[in-house]
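One-letter residues, chain by chain:
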Amino acid sequence: MKIDILTIFPNVALAPLSESIVGRAVAAGKVELSVHDLRDWTVDKHRKVDDEPYGGGPGMVMKPDPFFAAVRELRGDGQARVVLMTPQGRRFDQNIARDYARDFAAPGAHLIILCGHYEGVDHRVVEGLVDDEISIGDYVLTNGALAAAVFVDALVRLIPGVLGDERSADEESFAVGVPLLEAPCYTRPPDFEGRVVPEVLLSGHHGKIGEWRREMALLRTKTNRPDMLGDEA
Ligand code: ADE
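Asker: Looking at this structure, how should I read a nonpolar patch on the surface?
Answerer: On the surface, a cluster of nonpolar side chains totalling about 260 Å² of accessible area is made up of Tyr139, Leu141 and Leu146. When you line up the elements, Leu141 lands in the loop between strand S8 (132-135) and helix H6 (144-156).

Asker: Explain the site of the ligand to me, please; I cannot follow it from the model alone.
Answerer: The ligand sits among Met85, Thr86, Pro87, Ile134, Ser135, Ile136, Gly137, Tyr139, Val140, Leu141, Gly144 and Ala147. One of the backbone N or O atoms of Ile136 is found 2.9 Å from a nitrogen atom in the ligand. Contact with the protein chains covers 96% of the free accessible surface of the ligand, which is 260 Å². For the shell around the ligand, the elements supplying multiple residues, two or more each, are strand S5 (81-91), S8 and H6. Here the element with the most residues in the shell around the ligand is S5; it accounts for three residues. Each residue belonging to the shell around the ligand can be placed in one class, and the counts come to eight nonpolar, four polar and no charged.

Asker: Help me understand the domain arrangement of the chain, please; the structure alone is not making it clear to me.
Answerer: How big an interface is tends to be stated in terms of accessible area lost as the parts join. Here the chain is described as being made up of domain 1 (2-156) and domain 2 (179-232). For domain 1 and domain 2, the distance between their C-alpha centres works out to 37 Å.

Asker: What is the right way to read the side chain of Asp37 from this model?
Answerer: Relative to the assigned elements, Asp37 resides in strand S2 (residues 32-37). Among all residues touching Asp37, those that are not within four sequence positions of it are Thr7, Ile8, Pro10 and Arg47.

Asker: Please clarify how the packing of aromatic side chains should be interpreted in this entry.
Answerer: Each aromatic ring pair is characterised by the separation of its centres together with the angle its planes make. With the rule as written, the count across this model stands at three aromatic pairs. For the pair Tyr100 and Phe104, a centre-to-centre distance of 5.7 Å together with 15° between the ring planes defines the contact as stacked. One end of the pair is Tyr100 and the other is Phe104, both in helix H4 (residues 94-104) and four residues apart, which spans about a single turn. The residues Tyr100 and Phe104 share a single accessibility class, namely buried. Between Tyr100 and Phe151, the ring centres sit 5.2 Å apart and the planes meet at 80°, which makes this aromatic pair edge-to-face. Remark: Phe151 occurs in helix H6 and Tyr100 occurs in helix H4; sequence separation between them is 51 residues. An aromatic cluster is defined as three or more aromatic residues linked by ring pairs; in this entry it consists of Phe92, Tyr100, Phe104 and Phe151. The ring of Tyr100 is capped by Arg81, whose NZ or CZ atom sits 4.7 Å from the centre of that ring.

Asker: How should I be thinking about the sheet that holds strand S7 (residues 120-121) in this particular structure?
Answerer: By definition, the strands of a sheet pair up through backbone hydrogen bonds, in either a parallel or an antiparallel sense. Strand order in the open sheet made by the three strands is S3-S4-S7, with mixed pairing throughout. Every interior strand has two partners, whereas the edge strands, strand S3 (50-51) and S7, have only one. Pairing analysis gives two bridges linking S3 to strand S4 (residues 61-62), with the strands arranged antiparallel. By the bridge assignment for S4, Asp50 is matched with Met62.

The rules we used
- Residues numbered from 1 in each chain as written.
- Predicted model: local features only at pLDDT ≥ 70, side-chain atom pairs only at ≥ 80, totals over all residues.
- Heavy atoms only, no water.
- Patch = residues over 30% accessible without salt bridge, like charges linked within 9 Å, V, L, I, M, F, W, Y side chains within 5 Å.
- Areas by Shrake-Rupley, 256 points an atom, 1.4 Å probe, with all protein chains shown as cover.
- Salt bridge = Lys/Arg side-chain N within 4 Å of Asp/Glu carboxyl O.
- Helix = DSSP H or I, 4+ residues; strand = E, 2+ residues; numbered from the N terminus.
- Near = heavy atom within 4 Å.
- Polar contact = N/O pair within 3.5 Å; in protein donor to acceptor, adjacent residues only side chain to side chain.
- Nonpolar A, V, L, I, M, F, W, Y, C, P; charged D, E, K, R; others polar.
- Domains from an automatic or database assignment.
- Contact = heavy atoms within 4.5 Å.
- Phe/Tyr/Trp six-rings, centres within 6.5 Å; stacked < 30°, edge-to-face > 60°.
- Buried < 20%, exposed > 50% of the residue type's maximum accessible area, 1.4 Å probe, protein only.
- Lys NZ or Arg CZ within 6 Å of the ring centre and 35° of its normal.
- Pairing = 2+ DSSP bridges.

Encoded structure:
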């Protein structure tokens, strides 16, 4: 998997992807990750990436030419899927993460991620370059670099060999066929300031533990995400 991120805030995308599990996957060469400064593809002396919107209105719009020049150079003669991070995109979830992880796990597969900023990106970028528009949720961030980091983190951890324990990705909430949130979990000490770990988890009785976890998962889902049970739109 080869991932190029294009943004005017490279450090915002790079910092979270340099740590922990994704950082190690990159260091181990399981993912070839590069974060680029979009301004490197401007040609004017002010390295201008935005301009006023045609038709008026607040804010600035990101110019098309740096995006086109960058994608053409990064793609070269090969193939790449181009994703734009934008609140106008389809809403990201674990199914989308799984689809991307499946399609891009191979070493040669190439993903180019464009990050917006200001009021938006000139629509000719969407028409002429972008294969998929992704939003990480129904809220507006100051820029797409944070969204790109979230998107990449969720994909990379699904690539075989990236998580230490392969079961971790299969058994969690949102994995296929498990439409519930996860049950509460505990570790040592068994008594922390008078708050004790539920007896059943110390029992060693796998059947009862499984039953307790399913009950708790259901309760948590009812409380925090009734929409997942079809109880609420
Ligand atoms: N850029 C700003 N807000 C965003 C969001 N919610 N998802 C993706 N990109 C964004």
